[in-house]
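Letter by letter, the chains look like this.
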Amino acid sequence: MKTLVVFLLLMNVSQYASALEVYEGVESVLLTCQVTSVPAFPTLVWSRPDLNPPVVHQRSQAGDKLTDQNQRYRRRTSMKSDSLQTGDFSLTLRNPITSDSGTYTCTITAYGNTRTLTEVELQVKVSHQVFTLQVYEGAESVLLPCHIPFVSGPSTGVWSRYDLNPPTVHQRQQEEDELTDQNQRYRDRTSMKTDALQTGDFSLTLRKPHIFDSSNYTCTIRVTGEEPRLTDVHLQVKEPYVFPAEAWVLLAVLITAVLVGVGIYLWKLLRKVPQVEVDSGVESVQLICKAKVHLPEDAEVGWTDGSHRKVHVYENGSDQPEEQHQVYRDRTKMNEDLLKTGDLSLTLKYPTDGDTDTYTCTVYSREGRVLLKRKVELKVRVPQVEVDPGVESVQLPFKTIHLPKHATVEWMDKDNKKVHVYENGSDQPKEQHQAYRGRTKMQRNLLKTGDLSLTLKYPTDWDTKTYRCTVYNRWKMILIKAQVELKVRVPQVEVDSGVESVQLPFNTTLHLPEDAKVEWMENKYDRKVHVYENGSDQPEEQHQVFRDRTKMNEDLLKTGDLSLTLKYPTDDDSHTYTCTVYSREGNILLKRKVELKVRVCQVEVEEGAESVQLPFTTTQNLPEATKVEWMNNTYNRKVHLYMNGSDQPDKQHQVYRDRTKMNEDLLKTGDLSLTLKHPTDGDSGRYGCGVYSGNFCFRAINLELKVKGRVQVQDQTGDIRNRSSSIDPTPLMADQSV
């Protein structure tokens, strides 16, 4: 039935022909081939029937297969990496040459059925390039360019100047120069690269160019069996340039301007504001300011921030706290005898990211004249807290000085949702967003101790964000604020392919409403994995890949256990999954990600072994109508088929006939392992086994088989011996002997 569906799908693909013309020398040309739908396990081949071998490019599920590719296209073809998913089979041909002209055919094969999708008639024409060069007389040499992208056969390159007699400037033929007919004025002044016939670079070097060398030069390249290629170069040799006196004056002005600019830059560099950088949560930070001049005893010292708020004032021999802005009260300190020592540095206690600013220290005389002024830039880094999923709680740290008893402390997340509110001497849970209710806690006597840290219970990756703590006075003016970045790592679950099931964990203590909706999604392809709504599972909303393969616990909204059990996981299930809980109105109440990785089973055997077993064990007592199919996914070949209670050798690919065996009573025992006899390195690749009920695959596994080849080596005595090799066998070069 599956083969019939694929055949009908291929029959519905439209076949069309197109024609392309490009000029030799372009970087690449695109041969278009597209379909709207792609059958399962396809093989796509681009070919050119007039060549032997005809294969230009081949792509299968395992990737490019270029062993049969015609060597003239080696390393010059490519297809998009996702072509078998999108249906865009277009071929990029790099550096096209005239011998690439021909008819290209795009065909697709699936389950033994082959269909021609399109034919492209490509014509690569010879381009005629024209260059103009200027050089001054007295130069050591000048290079006249002439290239072809690819030399496909015996060739000859001739440079000519047709206003002379004889016209030949230089000739290269059969790996050497042929200068018998060379015009004598170019004698011993021309040369070409020795590997020109191999690289296609026929450029000419003309040494000691003179005024009389100015003219049109023609490069003619003749390749056996192809149209001649022409390149014209117009060369103009000028008299040497004399630098005028006016230009010397202009140059002197420019040099002066540059020196002035450098001087200004250095002056600004010396006056650059010093920077101080600390982490939020440190006990204190010092802003350095030292005077090298003697200061009078009656001088006034004032520190201000970028908003011109007074940070600290020293006047009349003592600090003046009543002049400070309230944000800085009880948080600043300066040294004793600061006017005598000249150390005017300021210590700022409990800095937060809200203190990131530029601060100015100014010294005034009794008359108000500025004696000294210094700036310091302070940057307080936002603290980062990182935890693993599943921990009981995490603390977002924030410590400051003691605060007024009527202060309000408010924690918010980046989405402006209230996380925790402390007001009027107690917590205010009614003001919290529902996502944080029952999950937060703050210290007792927090206004006295200044410890405003927040404990967040049962953090998930959904809680990964930046949190902001703000302290207000009774008039709602901000006293202090700080930020903390929280990162909860995404939990990772790793299992082997072939296990009965795997659980994607998600537990919450949050009280969930009875009418909540729980939805598990696979992120990469945005597919619904499992939906729980209106008190029951909703299998009709699942993507078909996950039907009959998922399960969630009973009473999940009451217990808070939203874990998902995924049956028969394979490496195709290796993705990131997201569980989202919605309210009746569609608002997100909770969200969590889980990353699943299913390891592919690796089987290794040496070439020459009697047999190798690809293991696969599932549940016992499978239905009698069950179909078991082993496939070589690398080459899309059917390895073994068990159907209607017996093996079906006529359905096998011929490579595997009489080489495979499965156990008796396999449906009863659940042992679906495959024995492959006489394995060779050609059997290496990805294998998959699918268990079907009708056309529905309810169990599958993928395995990687590696057959280590045996390399024959001739020792010094001339004897041939075998050596085991764990590397993939590679073709021998022409100069290697075995």
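Please refer to the structure higher up on the page.
In this numbering scheme, every chain counts its residues from 1 along its sequence in written order. A pLDDT threshold of at least 70 governs which residues receive local features in this predicted model, and a stricter bar of 80 or more applies before side-chain atom pairs are shown or counted, although totals over entire chains, interfaces and linings include all residues. Just so you know, side-chain values use all the structure's heavy atoms and leave hydrogens and water out.

Topic: the environment of L93
Each helix is a run of DSSP H or I of at least 4 residues and each strand a run of E of at least 2, with the numbering of both proceeding from the N terminus. Considering the arrangement of structural elements, one finds L93 in strand β7 (residues 91-94). Taking C-alpha positions, L93 is 7.6 Å from L31, a pair spaced 62 residues apart along the chain. Any pair of residues with heavy atoms lying within 4.5 Å of one another is described as a contacting pair. With residues near it in sequence (within four places) discarded, L93 still touches S28, V29, Y73, R76, T77, D100, Y104 and L122.

A look at the nonpolar core
In terms of nonpolar packing, the biggest core is built from 56 residues, with W411 and W520 touching the most fellow members. When residues of this core are assigned to their parent elements, the largest contribution, 6 residues, is made by strand β36 (residues 478-488). The nonpolar core is taken to be a set of buried Ala, Val, Leu, Ile, Met, Phe, Trp, Tyr and Cys residues, with the residues joined through side-chain atoms within 4.5 Å. Only protein chains enter the accessibility calculation, which uses a 1.4 Å probe. A residue is then buried if its area is under 20% of the maximum for its type, exposed if over 50%, and partly exposed in between. By size, the runner-up hydrophobic cluster in this structure holds 27 residues, among which are Y328, Y359, V376 and V380.

Let's talk about the state of the cysteines
Cysteine sulfur atoms that pair up within 2.5 Å are treated as a disulfide. Across all of its chains, the model carries 2 disulfides by this definition. One disulfide bridge connects C33 with C106, the sulfur atoms lying 2.3 Å from each other. The sign of the S-S torsion, about -75 degrees, decides the handedness of the disulfide formed by C33 and C106: left-handed. One end of the pair, C33, is in the loop between β2 (28-31) and β3 (43-47); the other, C106, is in strand β8 (residues 102-110), and 73 residues separate them in sequence. Residue pairing for C146: its cysteine sulfur links by disulfide to C219, the two sulfurs lying 2.2 Å apart. Because the torsion about its S-S bond is -75 degrees, the bridge between C146 and C219 counts as left-handed. Residue C146 is found in the loop between β11 (141-144) and β12 (155-160), and its partner C219 is found in strand β17 (residues 215-223); the two are separated by 73 residues along the sequence. Assigned by exposure class, C146 and C219 land together as buried. By sequence order of its bonded cysteines, the protein has the disulfide arrangement 1-2, 3-4. This cysteine, C601, is not joined by any disulfide, and C689 carries the nearest cysteine sulfur, 12 Å off. Residue classification places C601 among the partly exposed residues on the basis of a relative accessible area of 26%.

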